[in-house]
Amino acid sequence: MGQLDSDIVFQSYGRCCNNDAFFVEFYDRFMSKSDEIRQLFRDTDMSAQRHLLRNGIMQLVLHARGMPSTKLQSLGQSHSRTGYDIQPRWYSLWFDALLETLAQFDPQFSPSIERSWQAALTPGINIIRDAY
């Protein structure tokens, strides 16, 4: 992944963050992918969860831009089997929901921008998932 990918992702995310509906739609999509996932959020304060999502994606973007992996490692620990028990197989569903929501909300979204998102976020997602 080059600096260009992380720059493209940073700009794309900025365009999406301008619309709070982005985070609402993301969770609607993500929870529609699995009954197990929907159950995870049944008693969750979704307003607070959307704030955590906004920050979590930014941490992934910042890692792609060269920040140390410390915060992602911490997220990995909190999401591991000893924490929230987020199953490793759910990360691909999470990323699919993110890409689908980006396509809806980023007016400049394209196959090239999607590839940049994949290149930029995959290493950080792997850090979180591999902590399981």
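Residues numbered from 1 in each chain as written. Predicted model: local features only at pLDDT ≥ 70, side-chain atom pairs only at ≥ 80, totals over all residues. Heavy atoms only, no water.

Caption draft 1: Expanded view of the nonpolar core. W94, L98, W117 and L121 are the most contacted members of the largest nonpolar core, which has 36 residues in total. Of all the secondary structure elements, the ones that give two or more residues to this core are helix 1 (3-17), helix 2 (21-32), helix 4 (46-64), helix 6 (90-105) and helix 7 (111-130). Element by element, the count of residues in this core is highest for helix 6, at nine residues. (Core = buried A, V, L, I, M, F, W, Y, C linked by side-chain atoms within 4.5 Å. Buried < 20%, exposed > 50% of the residue type's maximum accessible area, 1.4 Å probe, protein only. Helix = DSSP H or I, 4+ residues; strand = E, 2+ residues; numbered from the N terminus.)

Caption draft 2: Structural view of the side chain of Q87. One can find Q87 in the loop between helix 5 (70-78) and helix 6. Q87 sits in the buried class, given a relative accessible area of 18%. At 3.3 Å, the side chain of Q87 and the side chain of D85 are in polar contact. (Polar contact = N/O pair within 3.5 Å; in protein donor to acceptor, adjacent residues only side chain to side chain.)

Caption draft 3: Examining unusual backbone geometry more closely. One non-glycine residue, D85, adopts positive backbone phi at about 55 degrees. Assignment of secondary structure puts D85 in the loop between helix 5 and helix 6.

Caption draft 4: View of the layout of surface pockets. Looking at the largest pocket, its volume works out to about 730 Å³. In terms of lining, the largest pocket is formed by 24 residues, of which the most central are Y27, Q49, L75, H79 and I86. Those elements that provide at least two residues to the lining of the largest pocket are helix 2, helix 3 (35-40), helix 4, helix 5, helix 6 and helix 7. Top element by residues in the lining of the largest pocket is helix 4. It accounts for eight residues. (1 Å grid on protein atoms, 1.4 Å probe; cavity = no way out; pocket = protein on both sides within 12 Å on 5 of 7 lines; lining within 4 Å. Points joined across faces, edges and corners; volume = space filled by probe spheres on them.)

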